[in-house]
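Chain and residue survey
Letter by letter, the chains look like this.
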Amino acid sequence: EDTPITRFQRYLRINTAHPSPDYSSAVSYLKAQAHSIGLQAQTLEFSPGKPLLLLSWPGSNPSLPSILLNSHLDSVPAEPSKWLHPPFSALRTSDGRIFARGAQDDKCIAMQHLEAIRNLRSRSFQPLRTVHVSLVPDEEIGGFDGAAKFVESKEFQSLQIGFALDEGQASPGDEFRVFYADRFPWHFKIRAKGQPGHGSMLYDNSAMENLMKSVEAVSRFRESQFDVVKAGKAMNSEVVSVNPVYFKAGVVSKDGFAMNVQPSEAEAGFDLRLTPTTDPDEMRRRIAEEWAPAVRNMSFEIIEKGPIRDYMGCPLMTATNDSNPWWLVFKQAIESAGEKLFRPEILASTTDARFLRQKGIPVLGFSPMRNTPILLHDHNEHLQDTVYMKGIQVYESLISSLSTYTEGSH
Ligand SMILES: [Zn+2]
Ligand SMILES: [Zn+2]
């Protein structure tokens, strides 16, 4: 059987989860799909073993800036034992839910881009602007060997992209969600050093004591941000989030940890997300003064996962008002498909859109899933078949409007 659903399932069954994503099978499969639709395909490789697939549908006026539809090939790991159905089975339940890692994040949009183009082509629709589809590696580990290198390449420059769509997040309600900015991840580690020794002693400034004090300080800040959300003053994505992801300490012994030895070193790691307008210097000051003070033998490391300002030094945000004609075309295309949009939001997580925005390209984050629980990176990630099919229709409307938009028509 060869239907939009079975084609989606086949992509989901290719295990592109980290730490060892099967990029080559994914690219062969998608290339075959592109050929069956009649799209031009080229594989770029900016880093060995990490292919990037670029598909193109030439417009009748290729001198106009083009449209880019971006998604990533990779997924985060899944813990199969915690799932109802194996994460790479793409099993469809009798009520139509398709279970797979990547079903929402973001293999759905990749296949919907292709299915929408397939349908438009079968109706002999002719775009004015060239439509490109990019399928990039490594988004989930920061995008440095994928989108980051792509936007710096001569191949990218020659595409002359005027507007791009990237992934968003599911909407539990009736309205579709659209995102005009991302938050920015800092992988952030605190290390403490202190007096080691016998487990029975009360040392001042032990590594564990100092680290725990820091963790409490971080937690207080986390609470202060969360309180703003709980009070209804801001959305989750409009405040800074900081969540501990690991603690590392202890002196290892044969059967685990030496329980009567206080360690001389301890470390904690955090996922910290800045909003597009957070002042990074102020954040760094807070970390240095309050969370990891050197006077308590503490140090810290911040790994910034990508740019937080564009080449002009401005926050990476795409305008969603009359100043951005692409926004108006986008909005109208959704509405003419008979759908409703929630007000534009900042995405709580982070996507490759930041690399495009850094180049000054307007990008909207959009994954057409409504009445759908948000399951990205969660156990039992799944997507309803009817929601998936609806998304194809929405992209048909979007692609036809965006690719035929001519300046001055709005
Ligand atoms: Zn993700
Ligand atoms: Zn994603």
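You'll find the structure just up there.
One structure accompanies this document, and this report is about it. Not measured: the values here are computed from a predicted model.

Rules of the game
- Residues numbered from 1 in each chain as written.
- Chains lettered and ligands numbered in written order.
- Predicted model: local features only at pLDDT ≥ 70, side-chain atom pairs only at ≥ 80, totals over all residues.
- Heavy atoms only, no water.
- Donors = N, O, S within 2.8 Å, 3.2 Å for Na, K, Ca; no water.
- Tetrahedral: all angles 85-135°; square planar, octahedral: opposite > 155°, others 65-115°.
- Helix = DSSP H or I, 4+ residues; strand = E, 2+ residues; numbered from the N terminus.
- Buried < 20%, exposed > 50% of the residue type's maximum accessible area, 1.4 Å probe, protein only.
- 1 Å grid on protein atoms, 1.4 Å probe; cavity = no way out; pocket = protein on both sides within 12 Å on 5 of 7 lines; lining within 4 Å.
- Points joined across faces, edges and corners; volume = space filled by probe spheres on them.
- Nonpolar A, V, L, I, M, F, W, Y, C, P; charged D, E, K, R; others polar.
- Pairing = 2+ DSSP bridges.
- Contact = heavy atoms within 4.5 Å.
- Axes fitted to C-alpha atoms, helices over the stretch in contact; angles between N-to-C directions.

Moving on, we come to the coordination of the zinc ion (ligand 2). Taken together, H72 (NE2), D105 (OD), E167 (OE) and E167 (OE) make up the full set of protein donors to the zinc ion (ligand 2), lying 1.9 to 2.5 Å away. Every donor counted, the four donor atoms about the zinc ion (ligand 2) form angles of 57 to 153° at the centre, which fits irregular coordination. We note that the donor set of the zinc ion (ligand 2) lies within a single chain, spaced as H-x32-D-x61-E. The two metals, the zinc ion (ligand 2) and the zinc ion (ligand 1), are separated by 3.4 Å and share D105 as a common coordinating residue. Of the two residues, H72 sits in strand β3 (residues 66–72) while D105 sits in the loop between β5 (97–99) and α3 (107–122), which places them 33 residues apart along the sequence. The two residues H72 and D105 agree in class, both being buried.

Looking now at the layout of surface pockets. Estimated volume of the largest pocket: approximately 790 Å³. What lines the largest pocket is a set of 34 residues, among which D271, R273, S349, T350 and H377 lie closest to the centre. Per-element tally for the lining of the largest pocket: the top contributor is strand β11 (residues 241–249), with four residues. The class makeup of the residues in the lining of the largest pocket is 11 nonpolar, 12 polar and 11 charged.

On the basis of which strands lie adjacent, the open sheet formed by three strands has the order β4-β5-β19 and antiparallel pairing. Lying at the two open borders of the sheet, with one neighbouring strand each, are β4 (91–92) and β19 (382–384). Two strands pair when backbone bridges link them, and β5 and β19 are joined in this way by three bridges, in the antiparallel orientation. Looking across to β19, one finds that F99 is bridged to H382. Here helix α1 (residues 4–12) sits on the sheet in contact with β4, β5 and β19, set at roughly 20° to β5.

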